[in-house]
There are 2 protein chains.
Amino acid sequence: MKITLKTIADEAGLSVTTVSRALAGYDDVNEATRQRVMEIAERLGYQPNLTARHLRSKQTSTIGMVIPRTAYFADSFFMELLAGVGRQASAHGYDLLLSVQPPGDEELAAYRRMVAGSRVDGIVLARVLRHDPRIAYLQQANHPFVSFGRSETSDYPYIDVDGARGMRRLVQHLAENGHRRIAIILSPWELAFTTTRYEGYLEGLDAIGVQPDEAYVAEGDLTQQGGRDAAARMLALPEPPTAIIACNDLMAFGVMEAVEQRGLRVGHAVAVAGFDDVPAAAHAIPPLTTLRQPIYAIGCQMVDMLVRLLRGETLEHAHVLIEPELMVRASSGPQPAQA
Amino acid sequence: MKITLKTIADEAGLSVTTVSRALAGYDDVNEATRQRVMEIAERLGYQPNLTARHLRSKQTSTIGMVIPRTAYFADSFFMELLAGVGRQASAHGYDLLLSVQPPGDEELAAYRRMVAGSRVDGIVLARVLRHDPRIAYLQQANHPFVSFGRSETSDYPYIDVDGARGMRRLVQHLAENGHRRIAIILSPWELAFTTTRYEGYLEGLDAIGVQPDEAYVAEGDLTQQGGRDAAARMLALPEPPTAIIACNDLMAFGVMEAVEQRGLRVGHAVAVAGFDDVPAAAHAIPPLTTLRQPIYAIGCQMVDMLVRLLRGETLEHAHVLIEPELMVRASSGPQPAQA
DNA sequence: ACCATAATCCAAATCGTTTTGGAAGTCAAG
DNA sequence: CTTGACTTCCAAAACGATTTGGATTATGGT
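Below you will find a few notes about this structure.

**As for the pattern of salt bridges**
All names here are of chain A. Overall, the coordinates contain 32 salt bridges over all chains when judged by the stated rule. One salt bridge connects arginine 43 with glutamate 11, and the closest N-O pair in it is separated by 3.3 Å. Of the two residues, arginine 43 is situated in helix 3 (residues 31–44) and glutamate 11 in helix 1 (residues 5–12); the sequence distance between them amounts to 32 residues. Given the relative accessible area of 47%, arginine 43 is considered partly exposed. Of the charged contacts, one joins glutamate 31 and arginine 34 as a salt bridge, the two residues approaching to 2.9 Å between their closest N and O atoms. Here glutamate 31 pairs with arginine 34, and both are found in helix 3, just three residues apart, close to one helical turn. The exposure class assigned to glutamate 31 is partly exposed, which follows from its relative accessible area of 42%. One salt-bridge network, held together by shared partners, links Glu11, Glu39 and Arg43.

Structure (structure tokens):
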């Protein structure tokens, strides 16, 4: 049988109100009766019905997160983010409500269920699109959220990796290794970070005095296959690039395949670089030069920001930019002329 | 302003009851009025308050999972399990409630909050202990659950990897490569699977006609450091083992370190094998021979079982044993005499 | 005209908690 | 003896849905 406040109230000869207030620690209940109530609650193993509490108090101590059911990103991205979010949510006394959904309408519906269904106090989201319906919805519903990634169109709390700065740094590194014909394989344009990374690439070229060449710009689908195909096309050009940047590590692995299939050596004839620093990057052969995103730490920090919002505090820094760390490894090789 | 059933009822000139039943598809409401109700609900963007619904109906369409906040296991274990559980929960229309907790009392408290607090319909748990208080609690509370791992003491639905069979297979493989002095570094005894794996190891030795030697049995803490220390001690014996099995891959990596620190070559002088087949195992140098646990698939299957329980169906197979696949790689090398 | 049946609708109870707005009793000061 | 303050308790109203047990009206058969 369920132990409710009423059970305790009957046992103690008190009203439900008093029992509730005794357990909640209000000071309008006699210390002796509070002790008695607590003792009975303990003895009966009372556990409050959280659903009822949430309904009444309109707070759930729960943070929501919707994870796309897709192989679009390598799983590791969301898993690592989730680890950070979960870890920090726990530290603040929050649970996590997860909904794994196919992207599109069902994904948005999951957000609506969470928000309008009063299941969560706040939401963490990632993989921001340039025109993101989820963000539009959350803003219109005026529900607290923090996102990993930004879009230029509107203002909300976010953490993002400074993709432009990372790309400038990477182009500079490649130039220092003697490269001038530097290609890039972009992520799909609908993703918000594509723009900033592309801009960084262009600024990087400008800084080293190289004219951008649109033959050296391709759009990939973030898969290894996509990276390989795009790289294969570029390497077949009359003047192929000597360095290829991919917008994520998975595509970079594909680029490495394409380079080797052409009988060239990665890190010698052709430099290859990625973005993310997934665990496999350091173990690739040769190890992959890449821009590291501290995803776990970002997950933690997002929760910190969100919890502050939920407490009604104002964020001094609602827009956090993190510089990706350039991990120089063998794939970006030394001089291209050496090969 | 919140849109509730009452909002719609007022708008339509109906009672809350009728609106509720119209939306729920009962056949005691006129088709014309149902259309009208649905149209109004659509127009106002009605979203049912799930908290209220759960309170009344005592169903949450949510599966609970508590993840220990510890570095005890490599993160990848729970993350991969979570990916499988999330994926399959989604397929059945369930959400996931996650609570990340430090192991011990707080962990158990999280289970109690979920169960007695009526937040979840069922629970998935992993990392079963020999005398597991969580299982004792769930059984006593008579709450549906499925576990990854079994303990001999009591009966409940589980999926487990057949550790004994895997170990027998592994010992046989090492024997075929000429090894007789085969050591094992066990996981802590409180973990339920330690016993079965140890038994499998003993049976394996018996099958190849080797007397077990307790100098070749150590207990590790599942960390790389722990594996290294235990292996270092064994390798310092007058008659050191020529093959070392670790109860997880992380410890096996530590064993490999210890072997090399002694100036021996893994896969030549000393064979090393692990358990799990984490992603890093295939990329280790040399690649690690190990027993593969299909964790993602197990996560999916646990949810399938749980959902069947929640539907009130009886499980034809409440105890599922999965044979771990032996991944033979270079670390278990050829003949030890070759070295 | 009368009754049984079916088709629609709804008031009220329920889920288990928190919160509001007092009520009852005690005590000391005036 | 009255008054006000203080302490301790509680009935009832939320919260927003679902469900129970009719009530009302229309329909059709006799």
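**Points about the packing of aromatic side chains**
Here the structure, examined in full by the defined rule, presents 12 aromatic pairs over all chains. A ring pair is formed by Tyr156(B) and Tyr158(B), whose centres lie 6.2 Å apart and whose planes are at 70°; its orientation type is edge-to-face. The exposure class of Tyr158(B) is buried, given its relative accessible area of 13%. An aromatic cluster is defined as three or more aromatic residues linked by ring pairs; in this entry it consists of Phe77(A), Phe78(A) and Phe148(A). Its end group placed over the ring of Tyr26(A), Arg21(A) keeps NZ or CZ at 3.8 Å from the ring centre. The ring of Phe193(A) carries Arg197(A) above its face, with NZ or CZ at 3.9 Å from the centroid.

**What to know about the relation of the copies chain B and chain A**
Each copy of the sequence occupies a distinct position, and chain B is placed on chain A by a rotation of 180° and an axial shift of 0.1 Å, giving an RMSD of 0.1 Å. What the superposition gives is, in effect, a two-fold axis relating one chain to the other. The rotation axis passes nearest to the C-alpha of Leu97(B) in chain B, at a distance of 2.3 Å. Both copies contact each other with a shared surface, as 100% of the interface residues of chain B are interface residues in chain A too.

**Things to note about the protein's contact with DNA strand D**
In the vicinity of DNA strand D lie 25 residues, with Thr17(A), Arg56(A), Leu5(B), Ser20(B) and Arg56(B) positioned nearest. When atoms of DNA strand D within 4 Å of the protein are sorted by moiety, sugar and phosphate together comprise 58%. Here a phosphate oxygen of DNA strand D and a backbone polar atom of Leu5(B) are 2.7 Å apart. For the surface near DNA strand D, the elements supplying multiple residues, two or more each, are helix 2 (16–24) and helix 4 (50–57) of chain A together with helix 2 (16–24) and helix 4 (50–57) of chain B. For the surface near DNA strand D, the element with the most residues is helix 2 of chain B, which contributes four residues. A per-class count over the surface near DNA strand D returns nine nonpolar, 10 polar and six charged.

**Observations concerning the protein's contact with DNA strand C**
Taken together, 25 residues lie around DNA strand C, and Leu5(A), Tyr46(A), Arg56(A), Thr17(B) and Arg56(B) are the ones closest in. The contact atoms of DNA strand C, taken as those within 4 Å of the protein, divide so that sugar and phosphate hold 60%. Taking Asn30(B), its main chain carries an N or O atom lying 3.0 Å from a phosphate oxygen of DNA strand C. Broken down by secondary-structure element, the contributors of at least two residues to the surface near DNA strand C are helix 2 and helix 4 of chain A together with helix 2 and helix 4 of chain B. Top element by residues in the surface near DNA strand C is helix 2 of chain A. It accounts for four residues.

**Thoughts on the sheet that holds strand 12 (residues 325–327) of chain B**
Residues and elements named next belong to chain B. If you walk across this open sheet you meet the six strands as 7-6-8-9-10-12, and the pairing is mixed. Each edge of the sheet is formed by a strand with only one pairing partner; in this case those strands are strand 7 (217–219) and strand 12. Taking the axes of each pair of neighbouring strands and ignoring which way they run, one obtains an average angle of 20° across the sheet. On top of the sheet, helix 9 (residues 192–207) reaches strand 6 (182–186), strand 7, strand 8 (243–246) and strand 9 (271–276); it is set at about 175° to strand 6, its chief contact.

How each quantity is defined
- Residues numbered from 1 in each chain as written.
- Chains lettered and ligands numbered in written order.
- Predicted model: local features only at pLDDT ≥ 70, side-chain atom pairs only at ≥ 80, totals over all residues.
- Heavy atoms only, no water.
- Salt bridge = Lys/Arg side-chain N within 4 Å of Asp/Glu carboxyl O.
- Helix = DSSP H or I, 4+ residues; strand = E, 2+ residues; numbered from the N terminus.
- Buried < 20%, exposed > 50% of the residue type's maximum accessible area, 1.4 Å probe, protein only.
- Phe/Tyr/Trp six-rings, centres within 6.5 Å; stacked < 30°, edge-to-face > 60°.
- Lys NZ or Arg CZ within 6 Å of the ring centre and 35° of its normal.
- Least-squares fit on C-alpha atoms with pLDDT ≥ 70 in both.
- Contact = heavy atoms within 4.5 Å.
- Near = heavy atom within 4 Å.
- Polar contact = N/O pair within 3.5 Å; in protein donor to acceptor, adjacent residues only side chain to side chain.
- Nonpolar A, V, L, I, M, F, W, Y, C, P; charged D, E, K, R; others polar.
- Pairing = 2+ DSSP bridges.
- Axes fitted to C-alpha atoms, helices over the stretch in contact; angles between N-to-C directions.

Everything listed here is a matter of geometry and, on its own, says nothing about what the molecule does.
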